[in-house]
Amino acid sequence: MSKPEFIIIGGGIAGLSAAVALLQKGFKVEVYEGAPVLKAAGAGLGVGANALKAMKLLGLGEQLLEKGKVLAGAKILNEQGDLITRTDSIRISSLFGTDNITIHRAELLTVLAGALPREAIKTDKKCVEFTERPGGGVSVRFHDGTIAEADGLIAADGIHSVIRRKVVPAAVPRYSGYTCWRSVVSGTPAGYDDSVFTETWGSLGRFGIMPLSNNQIYWFACVNAPARDPRFAEFGVRELGQQFRGYHAPIGELLAKTEDAALLHNDIYDLKPLKRFAYGSTVLIGDAAHATTPNLGQGAGQAMEDAVFLANCLAVESGIPEAFRRFEQLRIPRTRKIVNTSWTIGKIAQLDSKLLCKARNSLFRLVPARANERQLRFLLDIHFDEIGS
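Residue numbers run consecutively from 1 along every chain, following the written order of its sequence. Only residues with pLDDT of at least 70 are given local features in this predicted model, and only at 80 or more are side-chain atom pairs given and counted; all residues enter the totals for whole chains, interfaces and linings. The side-chain numbers reported here are obtained from all heavy atoms of the structure, hydrogens and water having been left aside.

Draft legend 1. Spatial organisation of the overall build of the protein. Helix and strand assignments come from DSSP, with helices taken as H or I runs of at least 4 residues and strands as E runs of at least 2, each series counted from the N terminus. Within the protein, the secondary structure is distributed over 14 helices and 19 strands. The C-alpha radius of gyration computed for the protein amounts to 21 Å, which stays within 12% of the reference 21 Å derived for 389 residues, consistent with globular compactness. Referenced to the eigenvectors of the C-alpha coordinate spread, the extents of the protein come out at roughly 65 × 45 × 35 Å. For the protein, with 389 residues in total, the buried portion stands at 53%. Throughout, the radius of gyration refers to the C-alpha atoms, and the reference size of a globule is 2.2 Å times the residue count to the power 0.38. Buried residues are those whose accessible area, probed at 1.4 Å on protein chains only, stays under 20% of the maximum for their type, while exposed residues exceed 50% and partly exposed ones sit between those limits.

Draft legend 2. Representation of the packing of helix α1 (residues 13–24) against helix α11 (residues 299–316) in the model. Axis lines are fitted through C-alpha atoms, for helices just across the contact stretch, and the angle between N-to-C directions can take any value from 0 to 180 degrees. Between α1 and α11, whose axes approach to 8 Å, the crossing angle comes to 30°. In this view, α1 runs roughly parallel relative to α11, as classed from their interaxial angle. Relative to α11, α1 is oriented so that their crossing is right-handed. Here α1 contributes I13, A14, S17, A18, A21 and L22 to the contact with α11, which in turn contributes A300, A303, M304, A307, V308, L310, A311 and L314. Each residue belonging to the contact of α1 with α11 can be placed in one class, and the counts come to 13 nonpolar, one polar and no charged. When an angle is under 35 degrees it counts as roughly parallel; over 145 it counts as roughly antiparallel; between 65 and 115 it counts as roughly perpendicular; any other value is oblique. Crossings are classed by handedness, with left-handed meaning an anticlockwise turn of the near helix from the far one by less than a right angle and right-handed meaning a clockwise turn. Here a residue-residue contact requires only that any non-hydrogen atoms of the pair lie within 4.5 Å. Note that Gly is not counted as nonpolar here; it falls among the polar residues with everything else outside the nonpolar set of Ala, Val, Leu, Ile, Met, Phe, Trp, Tyr, Cys and Pro and the charged set of Asp, Glu, Lys and Arg.

Draft legend 3. Representation of the pairing of strand β16 (residues 216–224). The element β16 is largely enclosed, with a buried count of seven among its nine residues. When DSSP locates at least two bridges between a pair of strands, those strands are taken to pair. With nine bridges joining them, strand β13 (residues 174–186) and β16 adopt antiparallel strand pairing. Pairing of C180 across the sheet is with C222, part of β16. Pairing between strand β15 (residues 205–212) and β16: seven bridges, direction antiparallel.

Draft legend 4. Summary view of the pattern of salt bridges. A pair is scored as a salt bridge if a Lys or Arg side-chain nitrogen falls within 4 Å of a carboxyl oxygen belonging to Asp or Glu. In the structure shown here, the tally under the stated rule is 14 salt bridges. R133 is the partner of E149 in a salt bridge, and the nearest nitrogen-oxygen pair spans 3.4 Å. With E149 in strand β11 (residues 147–150) and R133 in the loop between β9 (127–132) and β10 (138–142), the pair connects residues that are 16 residues apart, well separated along the chain. What you see here is one network of salt bridges that share partners, running through E305, D306, R331 and R334.

Draft legend 5. Molecular detail of the sheet that holds β13. The mixed open sheet is built from seven strands, whose spatial order is β6-β5-β14-β15-β16-β13-β17. Of all strands in the sheet, those bounded by a partner on one side alone are β6 (83–88) and β17 (264–270). Taking the axes of each pair of neighbouring strands and ignoring which way they run, one obtains an average angle of 20° across the sheet.

Draft legend 6. Here's a closer look at the sheet that holds β9. Read across the sheet, three strands follow the order β9-β10-β11 without closing on themselves; strand pairing throughout is antiparallel. Pairing within the sheet leaves two strands with one partner each, and these edge strands are β9 and β11. Each neighbouring strand pair of the sheet contributes to a mean axis angle of 20°, computed without reference to strand direction.

Draft legend 7. Fine view of the packing of aromatic side chains. Only the six-membered ring of Trp is used, alongside the rings of Phe and Tyr, when aromatic pairs are assigned; centres must lie within 6.5 Å, and planes under 30 degrees apart are stacked while those over 60 apart are edge-to-face, with the rest tilted. Scanning all chains against the criterion turns up 15 aromatic pairs. Ring geometry for W181 and F232: centres 5.8 Å apart, planes at 65°, overall edge-to-face. You can see W181 sitting in strand β13 and its partner F232 sitting in helix α7 (residues 230–233), a full 51 residues away along the chain. Between F309 and F384, the aromatic rings sit 5.1 Å apart at their centres with planes inclined by 40°, giving tilted as the arrangement. Residue F309 is located in helix α11, and its partner F384 is located in the segment after α14 (369–380); the two are separated by 75 residues in the primary sequence.

Draft legend 8. How the structure looks around the side chain of T198. With respect to the helices and strands, the residue T198 is situated in strand β14 (residues 196–202). The contact partners of T198, leaving out residues within four places of it in the chain, are K75, L77, F207, G208 and I209.

Draft legend 9. Fine view of the pairing of β15. Across the eight residues of β15, eight count as buried, placing the element largely inside the fold. Burial along β15 is two-sided: the residues G205, F207, I209 and P211 and R206, G208, M210 and L212 are all buried. Pairing between β14 and β15: five bridges, direction antiparallel. Note that in β15 the partner of W201 across the bridge is R206.

Draft legend 10. Region of the structure containing α14. By definition here, a helix of n residues has an expected span of 1.5 Å times n minus one. With twelve residues, α14 should reach 16 Å at 1.5 Å per residue; the first-to-last C-alpha distance of 16 Å fits that figure. Within the sequence span of α14, burial applies to E373, L376, L379 and L380. Taken around the axis of α14, the buried residues stretch over an arc of 115°, which confines them to a single face. Among the exposed residues of α14, those oriented more than 90 degrees off its buried face are R370 and R374. When we speak of the arc, we mean the arc of directions from the helix axis to the C-beta atoms.

Draft legend 11. Spatial organisation of the environment of V223. Along the chain, V223 falls in strand β16. The class of V223 is buried, set by a relative accessible area of 3%.

Draft legend 12. Representation of the packing of helix α12 (residues 320–349) against α14 in the model. It is at 11 Å that the axes of α12 and α14 come closest, and there the two elements cross at 140°. It follows that α12 is oblique to α14 by the angle criterion. By crossing handedness, the relation of α12 to α14 is classed as left-handed. Residue-level inspection shows R334, K337, I338, T341 and I345 of α12 in contact with α14, the latter providing Q375, F378 and L379. The residue inventory of the contact of α12 with α14, partitioned by class, reads four nonpolar, two polar and two charged.

This is the structure we're talking about:
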């Protein structure tokens, strides 16, 4: 009997990872991306040990290690640059058998797309509607009037998923309360340790600095704001420099090296955890299922985990709906905890009262290292062989 065929909607990290995983299990897959080309836009991101383990299972771990940058640690600082808390990534990595790396999103997508046959990816195919066929399977209609049919549908079309909008119309993106600017600059500032990721927490906003390979730095800045605030929509590098004036080096230098045209600006949203991912012959994965705020650095990682678990479920279950339900059972508890924890950390990190910030920093300094390690263990110590391989 021939293997089932699947349509994947969305050519981002979740969709491409799922396509690689399913093809390696012998399934037939076509990825449909609404944009005219696969999006190379974006900035830096972290790939935790859990996600790198998933990519190693797909045979892509070494490529990511070559293109990425291994982190030695992470620090949270106050506005003056004084340490609040730190994490030893090298030691933690040794516990879980792999590293934590940073990588440019474009580099990651290039590796994923390169692992697929060119004909498996269809661009300029925006999904507008889908239906479950009476005899089983799905039919998908695109904006150009064309229709594709398959045995199963995998929705990897992001936080604003067209597929989710139909199956769970009440599940709409939830605004975090803060807006974010991001960019990538070349050149490491003098005195900066480019083996360590830092976040600076202050009453005027939060500033993150993430080293990338090729002597690049990814930075992000988060400021509390109403959703779609027109004042912040007009912010450029000069205004950000004023916002973070007085914060420690090299924040001012990184902003000065950034061109307005290279700024990416978005309000930060997530999804309140869903009760279901599986709907018959359709399943939600990645941000379509469990979009999270970026405070744990697990958005991309959870999409990569999804890909491996989904392929394993399909390989061992007797039918597509059964496999999708098994995937849902495995993934909902973990992703729910990550979404909720990240939301809480964001609220703590974005405190804008100087008094509360001082109290928060003092409390964080008292947290023993083993408590931080427990959280990291939950995030990084993932086992993909729970349902077969």
